[in-house]
Amino acid sequence: MPMTGQYEPSRADWVAQQVELYERTGGAEGGTLQGRPVVILTTRGAKSGKIRKTPLMRVTDGTRYAVVASQGGAPTNPFWFHNIMADPHVSLRDGTVVRDYVARRVEGEERRKWWAMAVETWPDYEEYRKRTDRDIPVFVLEPSS
């Protein structure tokens, strides 16, 4: 079921602008970062309950997606990490296609597999890993039935 509720754009202007452009054009504009494809992750705010949207790198095996809570190697997790931990039901927009998913954090060998795919998609993830002492969380999004 599609997520409903009040949408609150990001306080970061560039994020809010990219989300708006991406959604308005079905990803024809705003659908890349440095030439690499992005998707829009929609979560429910853990504290506010409001709808939040975040552009993230497109990491997929063709059916499932992975989202990487890198925050550029910052010492803390991004806000959407906390949103997923509070409510793993998310939506993801890939171009014009919007689907519902259930997010689950992956560990061990499964995480290593998805991490390798993520780094292949966006090599900067490896740099982000070197910048932080935290284990950067990786979530796999499974299609919701």
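Reading guide: rules and limits
- Residues numbered from 1 in each chain as written.
- Predicted model: local features only at pLDDT ≥ 70, side-chain atom pairs only at ≥ 80, totals over all residues.
- Heavy atoms only, no water.
- Helix = DSSP H or I, 4+ residues; strand = E, 2+ residues; numbered from the N terminus.
- Rg over C-alpha atoms; globule rule 2.2 N^0.38 Å.
- Buried < 20%, exposed > 50% of the residue type's maximum accessible area, 1.4 Å probe, protein only.
- Contact = heavy atoms within 4.5 Å.
- Areas by Shrake-Rupley, 256 points an atom, 1.4 Å probe, with all protein chains shown as cover.
- Lys, Arg positive; Asp, Glu negative; His and termini not counted.
- Charge placed at Lys NZ, Arg CZ, Asp CG, Glu CD.
- Polar contact = N/O pair within 3.5 Å; in protein donor to acceptor, adjacent residues only side chain to side chain.
- Salt bridge = Lys/Arg side-chain N within 4 Å of Asp/Glu carboxyl O.

> Explain the overall build of the protein here, please?
Across its full length, the protein carries 4 helices and 8 strands. Along the chain direction, N to C, the helices and strands of the protein fall in the order α-β-β-β-β-β-α-β-β-α-α-β. In terms of overall dimensions, the protein is globule-like: its C-alpha atoms have a radius of gyration of 14 Å, near the 15 Å expected for 145 residues. Taken along the three principal axes of its C-alpha coordinates, the protein extends 35 × 30 × 30 Å. Out of the 145 residues in the protein, the part that is buried amounts to 44%. Across the protein, contacts joining residues at least 24 apart in sequence account for 66% of those joining residues at least 6 apart. For the protein, the accessible area works out to roughly 7900 Å², and carbon and sulfur atoms hold 50% of it. The averaged location of the 19 negative side-chain charges in the protein is 2 Å from the averaged location of its 21 positive side-chain charges.

> Looking at this structure, I do not really get the side chain of R93. What am I missing?
Structurally, R93 is set in strand β6 (residues 89-94). In terms of polar contacts, R93 uses its side chain to reach the backbone carbonyl oxygen of G95, at 3.4 Å. Look past the residues within four positions of R93 in its chain and what remains in contact with it is Y22, E23, V39, I40 and V98.

> Help me out: how do you make sense of the pattern of salt bridges in this one?
Here the idea is simple: oppositely charged side chains can pair when their charged atoms come close. For the structure on display, the rule yields 15 salt bridges. Residues E110 and R104 are paired through a salt bridge, measuring 2.7 Å at the closest nitrogen-oxygen approach. For E110, a relative accessible area of 26% corresponds to the partly exposed category. The class for R104 is partly exposed, based on a relative accessible area of 31%. E127 serves as the salt-bridge partner of K130, at 3.7 Å between the closest nitrogen and oxygen. Of the two residues, K130 and E127 both sit in helix α4 (residues 124-131), 3 residues apart, roughly one turn of that helix. According to the relative accessible area criterion, E127 is partly exposed, its value standing at 41%.

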